[in-house]
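# Coordinate analysis (summary)
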Amino acid sequence: ERHASWLELFFDLVFVLAVAKVAAVLANESTAVGFAKYIALFIPVWWAWIGYTFHADRFESETPEYRILTFAAMLVVAMLALSIGGAFTRQGSASFAVAYALVLLVLVVQYILTAVYVPLTRPLALQFIIGLSLSALIFLLSLFFEPPIRYAMWGVGVVMAMVTPFTSLRVARIFPIDRSHIPERLGLFTIIVLGEAVIAVANGAAGVPWTPMTVTIASLGFAMAACIWWINFDFVEDNALRQSALLPRIMFLYGHFFILAAIVAIGIGVEHAIKDSMEPHLHTPSLILLGGGIAAYLVATTLIRL
């Protein structure tokens, strides 16, 4: 049984910035289009974290090469985070495509080194080297096309990266994940996202005069974040990862995407609700983000539990 290393915790810091930038997209454009952009950007950010986390779970080492590559990954993830705000603009989309391609290529280099140092891993490493390289190539080729074709190519690239781990399940079984480490890492990422929800509550409270109404709403918003923490770490168990069947494990892993996306939406909903406290009633985006976010969170946690 192992726990997150200091390097992994350091690595997570750049994803604090990435999640904050994705949340800002939803906060600034709380419409159906803005929500679609938010989901479209959250998926690649989440998968980048998953990709590096699962590699570290299986193959983390204390060699200088591994540490330097991890620092390089942090740098390109920071570049990705800074490009998120302009990802769906004509000028900024190219920066996002290049940054995400670099995120994938650094992970490719990590798998190449894994194959060099541990010959037994070469079938599995080759699977990721090919899949992630093709995904990165699609992102780079998208630079030669204008939106919306460019955005469609991004979707293809992300899907290719996400299906790469499932192209050869027989090989993957040779190198099982650590079933105590992965739930802890997912829990730590959940804490990062909950932190963004708390920041959203603080941003909302900072933008309005402090009245009994605004203080009450902000307090309830913080209480919601605390309740989500309580539910998540008492109710979402890791039993699914310990089963031999594939479906429960997939539900556990990919169900966490909906948990994380819902938590961010709830936080933005609370932020909007605080700002709406000066109005006679909550605006529609606030209602949808709060009600829809809470519903999605409860459904996702229930499915994982089942």
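For the structure itself, look to the data block above.
Parameters and conventions
Residues numbered from 1 in each chain as written. Predicted model: local features only at pLDDT ≥ 70, side-chain atom pairs only at ≥ 80, totals over all residues. Heavy atoms only, no water. Helix = DSSP H or I, 4+ residues; strand = E, 2+ residues; numbered from the N terminus. Expected span 1.5 Å × (residues − 1). Buried < 20%, exposed > 50% of the residue type's maximum accessible area, 1.4 Å probe, protein only. Contact = heavy atoms within 4.5 Å. Salt bridge = Lys/Arg side-chain N within 4 Å of Asp/Glu carboxyl O. Axes fitted to C-alpha atoms, helices over the stretch in contact; angles between N-to-C directions. Parallel < 35°, antiparallel > 145°, perpendicular 65-115°, else oblique. Nonpolar A, V, L, I, M, F, W, Y, C, P; charged D, E, K, R; others polar.

### A few points about helix 5 (residues 122–141)
The end-to-end C-alpha distance of helix 5, which contains 20 residues, comes to 28 Å, matching closely the 28 Å that a straight helix rising 1.5 Å per residue would cover. For helix 5, the full list of buried residues reads Leu124, Ala125, Gln127, Phe128, Ile129, Gly131, Leu132, Ser135, Ala136, Ile138 and Phe139.

### With respect to the side chain of Asn232
Its location among the elements puts Asn232 in helix 9 (residues 212–235). Ignoring sequence-local partners within four residues, the contact set of Asn232 consists of Thr190, Ile259 and Tyr297.

### So, the pattern of salt bridges
Pairs can form between side chains of opposite charge whenever their charged atoms are close. Within the structure shown, the criterion is met by 5 salt bridges. With a shortest N-O distance of 2.4 Å, Glu146 and Arg90 are connected by a salt bridge. Placement of the pair is Glu146 in the loop between helix 5 and helix 6 (149–163) and Arg90 in the loop between helix 3 (64–83) and helix 4 (93–117), with a sequence separation of 56 residues. Taking the relative accessible area as the measure of exposure, Glu146 reaches 45% and is therefore partly exposed. Looking at Arg90, the relative accessible area reads 56%, which means it is exposed.

### Quick look at the packing of helix 1 (residues 6–28) against helix 3
Orientation of helix 1 relative to helix 3, taken along the N-to-C sense of each, is 10°, at an axis distance of 8 Å. The angle between the axes of helix 1 and helix 3 places the two elements in the roughly parallel class. Along its contact with helix 1, which presents Leu7, Phe10, Phe11, Val14, Phe15, Leu17, Ala18 and Lys21, the element helix 3 presents Tyr66, Arg67, Thr70, Phe71, Ala73, Met74, Val77, Ala78, Ala81 and Leu82. Class assignment for the residues of the contact of helix 1 with helix 3 results in 15 nonpolar, 1 polar and 2 charged.

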